[in-house]
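Chain residues, written in single-letter form:
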Amino acid sequence: MMEPTPFLMGALLGGLYALLALGLSLVFGVMRIINVAHGDFVLLATYLAYALFTYAGVDPFLSLCLLVPAMFLFGFIVQRYLFSRFLLRSAEAALIVAFGMSLVIQNLHQILWSPMSRGLTTPYSLKALDLGQVFIPFTYLLDFLVSLGAMVALHAFLSKTFLGKAIRAASQDLKAAQMVGINYRTVFAVSFGIAMVTAAMAGICLGLTFPFNPQSGVSFLIIAFGVVIIGGLGSMIGTFLGGVILGVAQVVSAELLGSAAQMLVVYALVLLILALRPQGLFGVR
Amino acid sequence: MRKAFDTLVLIFIWLGVCLVLPFLGIPPKVSLYLFLFFVYLALANSWNLLAGFSGLVSLCTSAFFGLAGYCLILLSLLKVPLWIGFIVGLISNCLLATLIAIPTFRLSGIYFSIGTLVIPEAMRIIFFLWRPIKGTVHGGGAGYMLVGKVGMQSVYLLSALVGILSVAVLYWIVNSEFGLGLAAIRDNQRTAEASGINVYTLKLRSFMISACIASVAGSTFYLYQGYIEPASAFNVKWTMIAMLSTVIGGIGTIKGPIVGSAFVTFLHFLLARYGTLSLMVQGLVLIAVMLLAPQGLVGLLGQRFWPKVLEDRHKA
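Residues numbered from 1 in each chain as written. Chains lettered and ligands numbered in written order. Predicted model: local features only at pLDDT ≥ 70, side-chain atom pairs only at ≥ 80, totals over all residues.

1. Considering the overall build of chain B
Broken down by element type, chain B carries 14 helices and two strands. Taken across its 316 residues, chain B has 47% of its residues classed as buried. Long-range contacts, defined here as pairs at least 24 residues apart, represent 78% of the contacts in chain B between residues at least 6 apart. (Helix = DSSP H or I, 4+ residues; strand = E, 2+ residues; numbered from the N terminus. Buried ≥ 20, exposed ≤ 12 C-beta atoms within 10 Å, placed from the backbone. Contact = placed C-beta atoms within 7 Å.)

2. Focus on the overall build of chain A
Regarding its fold elements, chain A presents 11 helices and two strands. Along the chain direction, N to C, the helices and strands of chain A fall in the order α-α-α-α-β-β-α-α-α-α-α-α-α. For a compact globule of 285 residues, the expected C-alpha radius of gyration is about 19 Å, and chain A comes in at 19 Å, within 12% of that figure. The C-alpha extent of chain A, read off along each of the three principal axes, is 65 × 45 × 35 Å. (Rg over C-alpha atoms; globule rule 2.2 N^0.38 Å.)

3. As for the packing of helix 2 (residues 38–56) of chain A against helix 8 (residues 184–209) of chain A
All names here are of chain A. Running from N to C, helix 2 and helix 8 cross one another at 60°; their axes reach a closest spacing of 7 Å. One finds that helix 2 runs oblique with respect to helix 8. In the crossing of helix 2 with helix 8, the sense of the turn from one axis to the other is right-handed. Mapping the contact onto sequence places His38, Phe41, Val42, Leu43, Ala45, Thr46, Ala49 and Tyr50 in helix 2 and Met196, Ala199, Ala200, Ala202, Gly203, Ile204, Leu206 and Gly207 in helix 8. (Axes fitted to C-alpha atoms, helices over the stretch in contact; angles between N-to-C directions. Parallel < 35°, antiparallel > 145°, perpendicular 65-115°, else oblique. Left-handed = near helix turned anticlockwise from the far one by under 90°.)

4. With respect to the interface of chain A and chain B
On the side of chain B, 35 residues touch chain A, which itself brings 31 residues to the contact. Breaking the side of chain A that touches chain B down by element, the ones donating at least two residues are helix 4 (91–113), helix 9 (216–231) and helix 11 (262–276) of chain A. The greatest single-element share of the side of chain A that touches chain B, amounting to 15 residues, is contributed by helix 4 of chain A. Classifying every residue of the side of chain A that touches chain B gives 25 nonpolar, three polar and three charged. (Nonpolar A, V, L, I, M, F, W, Y, C, P; charged D, E, K, R; others polar.)

5. Let's talk about the nonpolar core
When a protein is soluble and globular, its nonpolar side chains tend to lie buried together. Among the nonpolar cores identified, the biggest contains 190 residues, and Leu20, Ala45, Ala98, Ala200 and Ala224 of chain A together with Leu43 and Ala217 of chain B are the most heavily contacted of them. In this structure, Ala217 of chain B is in contact with Val39, Ala42, Leu43, Ser46, Phe65 and Val162 of chain B, ignoring residues within four places of it in sequence. (Core = buried A, V, L, I, M, F, W, Y, C linked by C-beta atoms within 7 Å.)

6. Focus on the confidence of the model for chain B
Residues and elements named next belong to chain B. With 89% of its residues at a pLDDT of 70 or more, chain B has an overall mean of 84. Looking over chain B, one finds the lowest element-wise mean pLDDT in helix 1 (residues 2–20), namely 71, and the highest in helix 9 (residues 199–225), namely 94. This prediction of the complex comes with two scores: 0.83 for pTM and 0.82 for ipTM. (pLDDT = per-residue confidence, 0-100.)

7. Quick notes on helix 7 (residues 177–187) of chain B
The α-helix advances 3.6 residues per turn, and as a result positions three or four apart in sequence lie on the same side. The complete set of buried residues in helix 7 of chain B reads Gly179, Gly181, Leu182, Ala183, Ile185 and Arg186 of chain B. For helix 7 of chain B, the elements touching its buried residues are helix 6 (152–174), helix 8 (189–194) and helix 9 of chain B.

8. A look at helix 11 (residues 236–249) of chain B
Residue and element names in this part refer to chain B. The first and last C-alpha atoms of helix 11 sit 20 Å apart over 14 residues, in line with the 20 Å expected at 1.5 Å per residue. Of all 14 residues in helix 11, 13 are buried, a share of seventy percent or more. In the stretch just after helix 11, Gly250 is the one whose phi turns positive, near 140°. (Expected span 1.5 Å × (residues − 1).)

9. Regarding the packing of helix 2 of chain A against helix 3 (residues 60–81) of chain A
All names here are of chain A. For the pair helix 2 and helix 3, the least separation of the axes is 10 Å and the interaxial angle reads 130°. Classified by the angle their axes make, helix 2 and helix 3 are oblique. You can see that helix 2 and helix 3 cross each other, and the crossing is right-handed. Taking contact as the criterion, the partners of Ala45, Leu48, Ala49, Leu52 and Phe53 in helix 2 are, on helix 3, Pro60, Ser63, Leu67 and Met71.

10. A short note on the environment of Ala93 of chain A
The residue Ala93 of chain A is located in helix 4 in this model. We classify Ala93 of chain A as buried; it has 20 C-beta atoms within 10 Å. For the pair Ala93 of chain A and Ile33 of chain A, spaced 60 residues apart in sequence, the C-alpha to C-alpha distance is 9.4 Å. In this structure, Ala93 of chain A is in contact with Phe86 of chain A together with Met290 and Pro294 of chain B, ignoring residues within four places of it in sequence.

11. Brief notes about unusual backbone geometry
Residues and elements named next belong to chain A. Located in the positive-phi region is Arg32, a residue other than glycine, with phi close to 60°. The topology assignment puts Arg32 in the loop between helix 1 (6–31) and helix 2. The phi angle at Ser114 is positive, at roughly 65°, despite the residue not being glycine. You can see Ser114 is positioned in the loop between helix 4 and strand 1 (128–130). Judged by local crowding, Ser114 falls into the exposed class, with 12 C-beta atoms found within 10 Å.

12. Side note on the environment of Phe53 of chain A
Turning to its location among the elements, Phe53 of chain A is positioned in helix 2. Owing to 20 C-beta atoms within 10 Å, Phe53 of chain A belongs among the buried residues under this scheme.

Right under this line is the structure:
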């Protein structure tokens, strides 16, 4: 049996990382909030899918029908009634609140699910696709396709629909957007809701691919930050390429240096890019 | 001048009271919480100097705290006197601060926070993989035990000294020209630059002083704890405590961290038996304070409640 090449695996994983970062990037781009609780929100979706799968036998992808509206509503409420209060005060205030929220959710996971490591093991999660020369795990392929689909859909939404255009307008110039009659509170709440929808999708894919525990949110967050830093903010293509670069860097360094050191290489890469090109490889400022 | 003298007197009185306390026969449990109060106070001051007075919302306080603990315990294993461990901790933290500054100081505001968030995670992995001293590893991970025992009383006195000195250092900085420069940078970096302030140097100095305060707090804590392992040393918990104490008390004030650390210590005392729930409640308190009293308890109680000497200049 042939092992899949690390490059291919990394690239497939990178698609998922891009999806993970998409919500973070959207929230920052539109509301200028650094949502340090993003990883924990993603994990919230993972655990909800886990609960549905274990206790009701619902397939993780089927559970998206329930999780997508639920997470959208959750995001809408969090932005409309919590973060909006800090909007005009300072970016630091929102950051501190997000930090507090991350603690609350993280420890809620801890209480509800115990610190034990868990995984979403479906009948198809151990299958692999035989392409003659290489062997691709089915979940990796699925992750990549879901992520790609979500990104294309979001891109279409932002560029084609009225609401999408309003979101982009508000992120480019809030005052001008208000002047043409955009209700920024609603627009912001919808943006946060959409970010949570991408978080739900990312959460399910991550749960299918990796084992997770209540602390995983932090590593999800750091991966998402890494993607945003490498790819730069504000461009969908940049986020996607950032995800792929990070995924490849992680998998290749795991192959060369062992799995414990893989994240170290990623952090070093992130700091290096911060030092050399703060706007990211593909970002514009 | 007169005011500075008054403050000095106040600080000495406080120090005196703390020095006498253990001889009055307070129960060990109380002295443990007093010890924690002073460690938290130093951590809070370290964070407040950056976030409150220099406009740098740093998320890497735990990196300095953990590194100081490691320096102390690893050197104790080499049979080096403990005070040298303190100094080595200080020096390595200054070096670390300078290193962190290279990539992160080019980033403004919120990007700085993101950059610093990565540091403790990276440190945790480094100390997990790199076992500087072989054969003495304790526990399942990469843990080390301190060699040499220090009595609770002396650890407590040390913590009191560290905590109170950190207040004095902050007081001195805020009322100096250096503090004025930092306030200018915090309020508007571009204007500060235009009026001839060397932004990079001032920020770096503030960052290094903050690292030093966190370093002595870490060394003191691990002198008491006597055991270190990467996951708890570089835990986000330490950053959390610093942030929580400062924000609850009042960010950008001298008395804020004092009030806030007392509050957080009391919270830990109340919730000591509940572990996970304790952290959750702390998160909720953090959100509630930001919502209801963004100026912290100090702001809530108003200016008139406090002794005149603790009044803040260069306020935000």
